[in-house]
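Notes for the structure review
Here's the letter readout for the chains.
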Amino acid sequence: MSTERLGVAINGGNLATVAGVAKRAEARGFESAWTTEFYDRSATISLAAMATATSTITLGSGIAYAVGRSPLVLAAEAGDLDELSGGRLVLGLGTGTRRMQQDWHGIDGESPAPRVEELVPLLRRLWAMDSSGVEHEGRFYRMALKPTAEVTPRNQIPVYLAGFNARMVQAAGAVGDGLVGHPIFTRRYVEEIVRPALETGAKRTGRNPDVPIAGFVICSVADDGDRARRDAAAQIAFYTVVRTYRSIVELEGFGAQVAAIREAWSNRDADGMVAAVTPDMLERMAVAGTPEEARDQLPNFHGLYDRLLCYAPSYGLTAAEITDRLDAIIETFGAR
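Throughout, residues of each chain are indexed from 1 in the direction in which the sequence is written. This being a predicted model, a pLDDT of at least 70 is required before a residue's local features are given, and a value of 80 or more before pairs of side-chain atoms are given or counted; all residues contribute to the totals for chains, interfaces and linings. Side-chain descriptors were evaluated using all non-hydrogen atoms of the structure, hydrogens and water having been removed beforehand.

**A look at the packing of aromatic side chains**
Rules: Stacked, tilted and edge-to-face are the three classes assigned to paired rings of Phe, Tyr and Trp, where Trp is represented by its six-membered ring and a pair needs centres within 6.5 Å; plane angles under 30 degrees give stacked, over 60 edge-to-face, the rest tilted. Strands are runs of DSSP state E lasting at least 2 residues, helices are runs of H or I lasting at least 4, and numbering of each runs from the N terminus. For each residue, the accessible area found with a 1.4 Å probe, counting protein chains only, is set against the maximum for its type, and the residue is called buried under 20%, exposed over 50%, and partly exposed in between. Only lysine NZ and arginine CZ atoms are considered, and such an atom sits over a ring when it is within 6 Å of the ring centre and within 35 degrees of the ring normal.
Summed over all chains, the structure comprises 13 aromatic pairs. Ring plane angle 40 degrees and centroid distance 5.3 Å describe the contact between F164 and Y189, whose orientation is recorded as tilted. Note that F164 is positioned in the loop between β8 (159–162) and α6 (166–175) and Y189 in helix α7 (residues 187–204), a separation of 25 residues in sequence. Centroid distance F238 to Y315: 4.7 Å. Interplanar angle 20 degrees. Geometry classified as stacked. Taken together, the residues F238 in helix α8 (residues 225–240) and Y315 in the loop between β12 (307–311) and α14 (319–333) connect sequence positions 77 residues apart. Residue Y315 is classed as partly exposed on the basis of its relative accessible area, which comes to 30%. These aromatic residues form a ring-pair network of at least three members: F216, F238, Y239, Y311 and Y315. For R268, the ring lying beneath its charged end belongs to W265, and the centroid distance is 5.3 Å.

Below is the structure:
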């Protein structure tokens, strides 16, 4: 029996994709729709498109970058999106890997967890700001804002923080309203690493240790079950090649498989990367197969997350193929 709220995560495609998928997900009873951000896609603009296409579904960013925008710009954008959507926004923030912080956003990439622990309370102060303004002198941010016109406090917006390794997960527990989980989280990793880290972070700041998780689950559904499994394997290979995620590789004993994936990656051998993803990796990290097979597999992840977000594979797929995979998720798991 499923107890979590079911959502859909949209990664890739174009603005028409995100708006259309959110609208269809709402019509089929999904609780939430989430969009991602990358070097070629803005989460805030995607959320605006989703907000204007829907009326009741919760909308989330999974994630928007917490770096590269000033706290003031981030607070204003989120406030506008929450207003546009009628109070339906969950602001999911992440920093990306250290290389992404350094090479994409031009910051040093040091101490990302303390950075977001300073950022989130500052955002809340900005949303609550009145005519007295906001003054802040911190390790990462400085602000001396004196309003020159009337200010009306805005709604407080739920802030979920993305985390993979324990210290970043602790940050979500310490200051966030929830955690955005990674698509390759396994049940064992959540139970042995993620949940304890959330509790540690929450206890450090005297908060409720029962911190909700919005967890992505790779869901690859197609009438051709073998193609669905290949697409899921490609997505797993794309993520596990990143050394930032080695903690889950080590915990699950996937070292040999990931070494083969990395060797294939270095040779630009896409087929070799997919072939190196073994059935046990696929079983622990994804739902993949025909609609009937996918419905049978999804219960493997029931009870793990507060919000289970069905995440369609995108690596190596065209925009049209991504849309097809998202539509298959909606058709397979939506209310009938």
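**Considerations on the environment of G106**
As for its position among the elements, G106 is in the loop between α4 (98–103) and α5 (112–127). For G106, a relative accessible area of 63% puts it in the exposed group. For the pair G106 and A328, spaced 222 residues apart in sequence, the C-alpha to C-alpha distance is 38 Å.

**Considerations on the layout of surface pockets**
The test is simple: Using a grid of 1 Å spacing that covers the protein atoms alone, one calls a set of points a cavity when a 1.4 Å probe fits there but cannot get out, and a pocket when the set is open and has protein on both sides within 12 Å along at least five of seven lines; lining residues are those with an atom within 4 Å of a point. Grid points are joined across faces, edges and corners, and a volume is the space filled by probe spheres set on the points. Note on residue categories: nonpolar means Ala, Val, Leu, Ile, Met, Phe, Trp, Tyr, Cys or Pro, charged means Asp, Glu, Lys or Arg, and polar means any other residue, Gly included.
For the largest pocket, the calculated volume is near 1,700 Å³. Lining the largest pocket are 49 residues; nearest its centre among them are F38, T97, M100, Y239 and Y245. If you list the elements that add at least two residues to the lining of the largest pocket, you get α4, β9 (178–181) and α8. Among the elements that take part in the lining of the largest pocket, α4 stands out by supplying four residues, more than any other. When the residues that make up the lining of the largest pocket are grouped by side-chain class, the tally is 23 nonpolar, 19 polar and seven charged.

**Comments concerning the packing of helix α1 (residues 15–27) against α14**
Between two packed helices, both the angle of their axes relative to each other and the distance between the axes serve to describe the pair. For clarity, the threshold we go by: Helix axes are fitted to C-alpha atoms over the stretch in contact, other axes to C-alpha atoms as well, and angles between N-to-C directions run from 0 to 180 degrees. Each angle receives one of four descriptions, namely roughly parallel if under 35 degrees, roughly antiparallel if over 145, roughly perpendicular if within 65 to 115, and oblique otherwise. In what follows, residue pairs with any heavy atoms lying within 4.5 Å of each other are defined as contacts.
Closest axis-to-axis distance for the α1/α14 pair is 10 Å, and the angle between their directions is 10 degrees. The orientation of α1 with respect to α14, classified from their angle, is roughly parallel. Contacts from T17, V21, R24 and A25 of α1 reach α14 at T323, L326, D327 and I330. Per-class residue counts for the contact of α1 with α14 are four nonpolar, two polar and two charged.

**A closer look at empty space enclosed by the protein**
With the rule as written, the count across this model stands at one cavity of 30 Å³ or more. Taken as a whole, the largest cavity spans an internal volume of roughly 40 Å³. Tallied by class, residues from the lining of the largest cavity come to five nonpolar, one polar and one charged.

**Description of the state of the cysteines**
Among covalent bonds in proteins, the disulfide is the one between the sulfur atoms of two cysteines. To keep things clear, this is the line we draw: The disulfide criterion used throughout: a pair of cysteine sulfur atoms within 2.5 Å.
Under the criterion given, the structure shown has zero disulfides. C310 takes part in no disulfide bond, and the closest cysteine sulfur, belonging to C219, lies 3.9 Å away. For C310, a relative accessible area of 0% puts it in the buried group.

**Description of the nonpolar core**
Our working definition: Here, the term nonpolar core denotes a set of buried Ala, Val, Leu, Ile, Met, Phe, Trp, Tyr and Cys residues that are joined through side-chain atoms within 4.5 Å.
In this structure, L93, V194, I329 and F333 are the most contacted members of the largest nonpolar core, which totals 115 residues. The dominant element in this core, judged by the number of residues it contributes, is α5, at eight residues. With sequence-adjacent residues up to four places away left out, F333 is seen in contact with L6, F30, C219, V221, V287, A294, R295, L298 and C310.

**Describing the packing of α6 against α7**
What counts here: Should the near helix be turned anticlockwise from the far one by less than a right angle, the crossing is left-handed, and should it be turned clockwise, the crossing is right-handed.
Remark: α6 packs on α7, axes separated minimally by 7 Å, with the N-to-C direction vectors making an angle of 50 degrees. When the axis of α6 is compared with that of α7, the two are oblique. Helix-helix and strand crossings are classified by hand; for α6 and α7 the assignment is right-handed. Contacts between α6 and α7 pair A166, R167, V169, Q170, A172, G173 and A174 from the former with V194, A197, L198, T200, G201, A202 and R204 from the latter. Residues that form the contact of α6 with α7 fall into these classes: eight nonpolar, four polar and two charged.

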